[in-house]
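This is what each chain is made of:
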Amino acid sequence: DPDRKTEVVLLACGSFNPITNMHLRLFELAKDYFHETGKYKVIKGIISPVGDAYKKKGLISANHRVTMAKLATKNSDWVEVDDWESSQSEWLETLKVLRYHHQKLVSHGATNSLEDAVPLTKLGRKRKQEPNRHEPVKKKNQSPDIKSVPQIKLLCGSDMLESFGIPNLWKLEDITEIVEKHGLVCISRAGNNVQKFIYESDTLWRHKNNIHLVEEWITNDISSTKIRRALRRGQSIRYLVPDVVRTYIEKNNLYSPESEDRNAGVVLAPLQKYASDSKN
């Protein structure tokens, strides 16, 4: 029964500086993985570029990064760009972005289910008289006949998962809530030792059932860093990023030795925040 599948929304946070074909592939790989389990149905992918307040070296304005991401996903029927995170004046923890999108799904679900609730309950009464029909097991706190809210999972590459190990980059309680309440989908190159990393972290190990590891067999070593390097050197980036993105970069002359020096010597927002927290 397709209706029994758990609906999943994939959320990717990051710089997208610029967005590349690899970023788009992550969504496709994750979707294939979930559908192959037979238990999930991916209904949406969300790209949420980080705001300028993140202060990463070489980070160009969010406005350009969001525009490129929108151009890159224009032809996708399920991946979209959300600029809520990037339009905040302060840097936001990834957990807050997850919570925001979760909340949006919850309130969206609530408005929908009110319209559906009436006819469904009527149907329900009829069905009860049919013999041998298995009633779906109701989850606790779930009102009858209302579909549960889709799960929102954080989509990441193995580098992001391993960044959990960098001191002061993440708060432990944030990592815990991400893996406990939402879940992670981690795309890693075949042979990359993400399992070992999970094994060595008590927090990740405890919630390993909520961490989906997807092996990328058709390896794709494109990174935004390498793209920017090629651009600074006047080399072609064609077939590494969507053509519309390449055109936009050229037209606006986005990446240069000057843009790469932006935020040089500035401490990354989370490091600033958590380092000062641990001092206090």
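From a predicted model like this one, the values you see are computed outputs, not experimental measurements.

A. Highlighting the overall build of the protein. Tallying secondary structure elements over the protein gives 11 helices and 6 strands in all. When burial is assessed residue by residue, the protein has 43% of its 280 residues classed as buried. By sequence separation, contacts in the protein at least 24 residues apart represent 79% of the contacts at least 6 residues apart. A total accessible area of about 16100 Å² is found for the protein, and carbon and sulfur atoms account for 50% of it.

B. Fine view of the side chain of Arg 228. Structurally, the position occupied by Arg 228 is in helix α8 (residues 224–232). Residue Arg 228 is classed as buried on the basis of its relative accessible area, which comes to 7%. A polar side-chain atom of Arg 228 sits 2.7 Å from the main-chain carbonyl oxygen of Asn 17. Once residues lying within four places of it in the same chain are set aside, the contact partners of Arg 228 are Asn 17, Pro 18, Lys 57, Gly 58, Tyr 255 and Glu 260.

C. Representation of the layout of surface pockets in the model. Taken as a whole, the second largest pocket holds about 1100 Å³ of empty space. Lining the second largest pocket are 49 residues; nearest its centre among them are Cys 13, Gly 14, Lys 56, Asp 159 and Met 160. Elements represented by at least two residues in the lining of the second largest pocket include exactly β1 (6–14), α1 (21–37), β4 (151–157), α4 (158–163), β5 (184–189), α8 and α11 (269–279). Here the lining of the second largest pocket is composed, by residue class, of 23 nonpolar, 14 polar and 12 charged.

D. Spatial organisation of the sheet that holds strand β2 (residues 40–49). Taken in spatial order, the 6 strands line up as β3-β2-β1-β4-β5-β6 in an open sheet, and their pairing is parallel. A strand with exactly one partner marks an edge of an open sheet, and here the two such strands are β3 (79–81) and β6 (211–216). Between one strand axis and the next, the sheet turns through 25° on average, direction left out of account. As paired elements, β1 and β2 share 9 bridges and run parallel to each other. The partner of Val 8 across the bridge, within β2, is Val 42. Against the sheet, helix α5 (residues 172–182) touches β4, β5 and β6, its axis set at about 125° to β4.

E. Representation of the nonpolar core. Core analysis: the biggest nonpolar cluster contains 38 residues, and Leu 10, Ile 19, Phe 27, Ile 47, Met 68, Leu 155 and Ile 249 have the highest contact counts within it. Elements represented by at least two residues in this core include exactly β1, α1, β2, α2 (62–72), β3, β5, α8 and α9 (243–252). A per-element tally of this core places α1 first, with 7 residues. Core analysis: the next-biggest nonpolar cluster, separate from the first, contains 34 residues, Ile 46, Trp 91, Ile 175 and Ile 198 among them.

F. Representation of the confidence of the model for the protein in the model. Within the protein, residue pLDDT values average 88, and 85% of them lie at 70 or more. Every residue in residues 117–131 is under pLDDT 50, and counting partners more than four places away or in other chains gives 4 contacts.

G. Local environment of the pairing of β5. Among the 6 residues of β5, 5 are classified as buried, and the element is accordingly described as predominantly covered. Across 4 bridges, β4 lies against β5 in parallel orientation. Residue Gly 157 lies in a different strand from β5, and its bridge partner there is Ile 187. In the sheet, β5 pairs with β6 via 6 bridges, with the strands oriented parallel. Along β6, the bridge assignment pairs Val 185 with His 212.

H. How the structure looks around the pattern of salt bridges. Considering all chains together, one arrives at 16 salt bridges under this definition. The partner of Glu 93 in a salt bridge is Lys 96, and the shortest N-O contact between them spans 3.1 Å. Judged by its relative accessible area of 36%, Lys 96 falls in the partly exposed class. Between Asp 221 and Arg 189 there is a salt bridge whose closest N-O contact spans 3.5 Å. Taken together, the residues span a long stretch of sequence, with Asp 221 in the loop between β6 and α8 and Arg 189 in strand β5 at a distance of 32 residues. The class of Asp 221 is partly exposed, set by a relative accessible area of 47%. On the basis of relative accessibility, which here comes to 30%, the residue Arg 189 falls in the partly exposed class. One network of salt bridges, in which partners are shared, links Glu 93, Lys 96, Lys 171 and Lys 273.

About the thresholds
Residues numbered from 1 in each chain as written. Predicted model: local features only at pLDDT ≥ 70, side-chain atom pairs only at ≥ 80, totals over all residues. Heavy atoms only, no water. Helix = DSSP H or I, 4+ residues; strand = E, 2+ residues; numbered from the N terminus. Buried < 20%, exposed > 50% of the residue type's maximum accessible area, 1.4 Å probe, protein only. Contact = heavy atoms within 4.5 Å. Areas by Shrake-Rupley, 256 points an atom, 1.4 Å probe, with all protein chains shown as cover. Polar contact = N/O pair within 3.5 Å; in protein donor to acceptor, adjacent residues only side chain to side chain. 1 Å grid on protein atoms, 1.4 Å probe; cavity = no way out; pocket = protein on both sides within 12 Å on 5 of 7 lines; lining within 4 Å. Points joined across faces, edges and corners; volume = space filled by probe spheres on them. Nonpolar A, V, L, I, M, F, W, Y, C, P; charged D, E, K, R; others polar. Pairing = 2+ DSSP bridges. Axes fitted to C-alpha atoms, helices over the stretch in contact; angles between N-to-C directions. Core = buried A, V, L, I, M, F, W, Y, C linked by side-chain atoms within 4.5 Å. pLDDT = per-residue confidence, 0-100. Salt bridge = Lys/Arg side-chain N within 4 Å of Asp/Glu carboxyl O.

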